[in-house]
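Coordinate analysis (summary)
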Amino acid sequence: MSQPNCSSLWASTAAPDIEASALQGTVPADVVIVGAGFTGCAAALAMAQRGARVRLLEANVVGWGASGRTGGQVIPGLKFDPDEIEAMFGPDLGPRMVNAVGSVGDEVFGLIEQHAISCDAQRKGWLQPAFSTRSLDLALRRCDSWQRRGADVAPVGRSEMARLLGTDHYLGGWEDRRAGHVQPMSYVRGLAGAAQRAGAVIHIDSPALSLTRQGAKWRVSTPQGAVDADQVLLATNGYTDGLWPGLARTVVPMMSFQAATIPISEDLGKSILPEGHAASDTRRLLWYFRRDAHGRLTMGGRAPYREDLGAADADYVRNAVNRLYPQLKNTPFEFHWAGRVAMTQDHIPHLNRLDNGLWAALGYNGRGVGMATLFGRYLADLASGVPAQDIPFPVTSMRPIQGYPFTRLVARALVSYYRIRDQLEAA
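A brief structural summary. (Residues numbered from 1 in each chain as written. Predicted model: local features only at pLDDT ≥ 70, side-chain atom pairs only at ≥ 80, totals over all residues. Heavy atoms only, no water.)

Observations regarding the overall build of the chain
- From N to C terminus, the chain includes 11 helices and 19 strands.
- The C-alpha atoms of the chain give 21 Å as radius of gyration, which agrees with the globular expectation for 427 residues (22 Å, within 12%).
- Its C-alpha atoms give the chain principal-axis dimensions of roughly 65 × 50 × 45 Å.
- Going through the 427 residues of the chain one by one, you find that 58% of them count as buried.
- The positive charge centre, built from 43 side chains, and the negative charge centre, built from 40, are 4 Å apart in the chain. (Helix = DSSP H or I, 4+ residues; strand = E, 2+ residues; numbered from the N terminus. Rg over C-alpha atoms; globule rule 2.2 N^0.38 Å. Buried < 20%, exposed > 50% of the residue type's maximum accessible area, 1.4 Å probe, protein only. Lys, Arg positive; Asp, Glu negative; His and termini not counted. Charge placed at Lys NZ, Arg CZ, Asp CG, Glu CD.)

Some remarks on helix H6 (residues 158–165)
- Those residues of H6 lying buried are Met 161, Leu 164 and Leu 165. An end-on view of H6 places all buried positions within 90 degrees of arc, on one side of the element.
- Of the surrounding secondary structure, the elements contacted by the buried residues of H6 are strand S4 (126–129), strand S5 (153–156), strand S6 (173–176), strand S13 (278–280) and strand S14 (288–291).
- Immediately downstream of H6, the backbone of Gly 166 shows phi near 85 degrees, a positive value. (Arc of directions from axis to C-beta. Contact = heavy atoms within 4.5 Å.)

Comments concerning unusual backbone geometry
- We note that His 347 has phi near 65 degrees; this positive angle belongs to a residue other than glycine.
- With respect to the helices and strands, the residue His 347 is situated in the loop between strand S16 (333–343) and strand S17 (350–355).
- Look at His 347 and you get partly exposed, because its relative accessible area is 31%.
- Not every positive phi belongs to a glycine, and Asn 365 is a case in point at roughly 55 degrees.

A look at the packing of helix H2 (residues 38–49) against helix H7 (residues 184–198)
- For the pair H2 and H7, the least separation of the axes is 8 Å and the interaxial angle reads 25 degrees. Between H2 and H7, the angle is such that the two are roughly parallel. For the pair H2 and H7, the sense of crossing is left-handed. Contacts from Phe 38, Cys 41, Ala 42, Ala 44, Leu 45, Ala 48 and Gln 49 of H2 reach H7 at Pro 184, Tyr 187, Val 188, Leu 191, Ala 192, Ala 194, Ala 195 and Ala 198.
- Partitioned by chemical class, the residues of the contact of H2 with H7 number 14 nonpolar, 1 polar and no charged. (Axes fitted to C-alpha atoms, helices over the stretch in contact; angles between N-to-C directions. Parallel < 35°, antiparallel > 145°, perpendicular 65-115°, else oblique. Left-handed = near helix turned anticlockwise from the far one by under 90°. Nonpolar A, V, L, I, M, F, W, Y, C, P; charged D, E, K, R; others polar.)

Some thoughts on the side chain of Thr 373
- Tracing the chain through its elements places Thr 373 in helix H10 (residues 368–383).
- The class for Thr 373 is buried, based on a relative accessible area of 0%.
- Leave out the neighbours within four places in its chain, and Thr 373 touches Phe 38, Ala 42, Glu 107, Val 108, Leu 111, Tyr 187 and Gly 368.

Remarks on H2
- The terminal C-alpha atoms of H2 lie 16 Å apart, and with 12 residues this matches the ideal 16 Å at 1.5 Å per residue to within 8%.
- Among the 12 residues in H2, 11 count as buried, and that is most of the element.
- What H2 keeps buried is the set Phe 38, Thr 39, Gly 40, Cys 41, Ala 42, Ala 43, Ala 44, Leu 45, Ala 46, Met 47 and Ala 48. (Expected span 1.5 Å × (residues − 1).)

Section: the nonpolar core
- Core analysis: the largest hydrophobic core is formed by 77 residues, its most contacted members being Ile 33, Val 54, Val 62, Val 182, Tyr 187, Met 371 and Phe 393.
- Membership of the second largest hydrophobic core comes to 27 residues, among which are Phe 131, Tyr 170, Ala 259 and Ala 320. (Core = buried A, V, L, I, M, F, W, Y, C linked by side-chain atoms within 4.5 Å.)

Some words on the packing of aromatic side chains
- Counted under the stated rule, the structure contains 9 aromatic pairs.
- Ring geometry for Trp 10 against Trp 337: centres 5.9 Å apart, planes inclined by 75 degrees, an arrangement best described as edge-to-face. Of this pair, Trp 10 sits in helix H1 (residues 9–13) while Trp 337 sits in strand S16, and the two are 327 residues apart along the sequence. Trp 337 matches Trp 10 in its accessibility class, with the two residues each being buried. (Phe/Tyr/Trp six-rings, centres within 6.5 Å; stacked < 30°, edge-to-face > 60°.)

Description of the pattern of salt bridges
- All told, the structure shown has 20 salt bridges when counted by the stated rule.
- Of the charged contacts, one joins Asp 83 and Arg 148 as a salt bridge, the two residues approaching to 2.5 Å between their closest N and O atoms. Taken together, the residues span a long stretch of sequence, with Asp 83 in helix H3 (residues 82–102) and Arg 148 in the loop between helix H5 (133–147) and S5 at a distance of 65 residues.
- Measuring nitrogen to oxygen at the nearest pair gives 3.2 Å for the salt bridge that ties Glu 86 to Arg 149. Remark: Arg 149 occurs in the loop between H5 and S5 and Glu 86 occurs in helix H3; sequence separation between them is 63 residues.
- A relative accessible area of 25% means that Glu 86 is categorised as partly exposed.
- Among the charged side chains, a network of salt bridges with common partners joins Asp 83, Glu 86, Asp 144, Arg 148 and Arg 149. (Salt bridge = Lys/Arg side-chain N within 4 Å of Asp/Glu carboxyl O.)

Section: the pairing of strand S2 (residues 54–57)
- A two-sided burial pattern is seen for S2, the buried positions comprising Val 54 and Leu 56 on one face and Arg 55 and Leu 57 on the other.
- When strand S1 (residues 25–34) meets S2, the two strands line up parallel, connected through 4 bridges. Directly across from Ile 33, in S2, lies its bridge partner Leu 56.
- With respect to chirality, the unit in which S1 leads through H2 into the neighbouring parallel S2 is right-handed.
- In this sheet, strand S8 (residues 201–203) lies alongside S2 in parallel orientation, the contact comprising 3 bridges. Counterpart to Leu 57 in the pairing with S8 is His 203. (Pairing = 2+ DSSP bridges. Right-handed = clockwise from strand over helix to strand, strands pointing away.)

Description of the environment of Val 27
- Within the secondary structure, Val 27 is located in strand S1.
- For Val 27, a relative accessible area of 13% corresponds to the buried category.

Overview of the side chain of Glu 175
- Note on placement: Glu 175 falls in strand S6.
- Classification of Glu 175 as buried rests on a relative accessible area of 11%.
- Only 2.8 Å separates the side chain of Glu 175 from the side chain of His 277, close enough to count as a polar contact.
- Beyond its immediate stretch of four places on either side in the chain, Glu 175 contacts Lys 124, Trp 126, Leu 127, Asp 152, Val 153, Ala 154, Val 156 and His 277. (Polar contact = N/O pair within 3.5 Å; in protein donor to acceptor, adjacent residues only side chain to side chain.)

Geometric values such as these leave the question of function open.
Structural data, given as structure tokens:
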């Protein structure tokens, strides 16, 4: 059996990287953006299109963090149903938020079309299959909540779900036809390239070491240079560090582990996701899976919080593949990789005003492809002077989590607890 590749499938199969170099010397800008993932690149593109002088700083290479390691699923919505969002945020902001989070498919696939981004984009829909009677009720309630607002969604019965997935493991669920999937590294590189063509300057190998006031300007310093700008956008999500004190304490980083099989033969794979859907189920520690452009099955799930995850940690996703698709039991994994998912305490992504001219967006709770792209545009709006009340999402001050040093211990305990709850519920 072949040994799996510990590099990401997406990094290994992506469209060519952009040309960029490290920042040298001190340069002026209207806006400096920290982090070249979906958020940062979408913000850079939007700002450059408005004529701003944009500098985008990336500590590694474009897409190195969460954006290049995600499953690539473009899923509208949040953890909460539209009814819940409107109850939480009121009759004015609530419906605007629902409309915004429901539009992320249009946001992503619209940019792909507009800028001719080659990223294996497939808008074939997303399935949420239910593994228990309790979670089936919740899934159908969510579907109904969206359906009453005119969304292109539909409930899916047990036999039809089995046909669409190629497994009879689930009891039914629902389909969101607004959704789809992309090759995420190709997508983020495509956004970066579009930003460059619009006039943004991107610097790789340029970690932001400090963020300080220099008179009326902000200065972001790197090992070999600095940018002096009127506005700063922080777009580091799960890889947020101490650049701005306290910001990292507003999210809890969790590890997500993925693996991809070798390309599956046509005979073996003809019944597996035959219509090209992406899927993520209703488990508390969900399984999320789809086929890539070359016919591989990719499977992801939560993993222990360690940066050195390797082949030995693939057992969880291996078991998931074997349970869903026993015909793939002898089909080896070709790739495995892991990355951080930034979770928030309230399960809502955060759009923060940190100071005058200083903004941050982070905490996408596993829905980063769509929400990060959308929030990149919102950051550009705020930096361009759009009033916060005109953004269809709450713009808040930073709220570090109380007792933050214990959050990882709590997160580890919750992972174990959720695994037990899932096992009991499935039984």
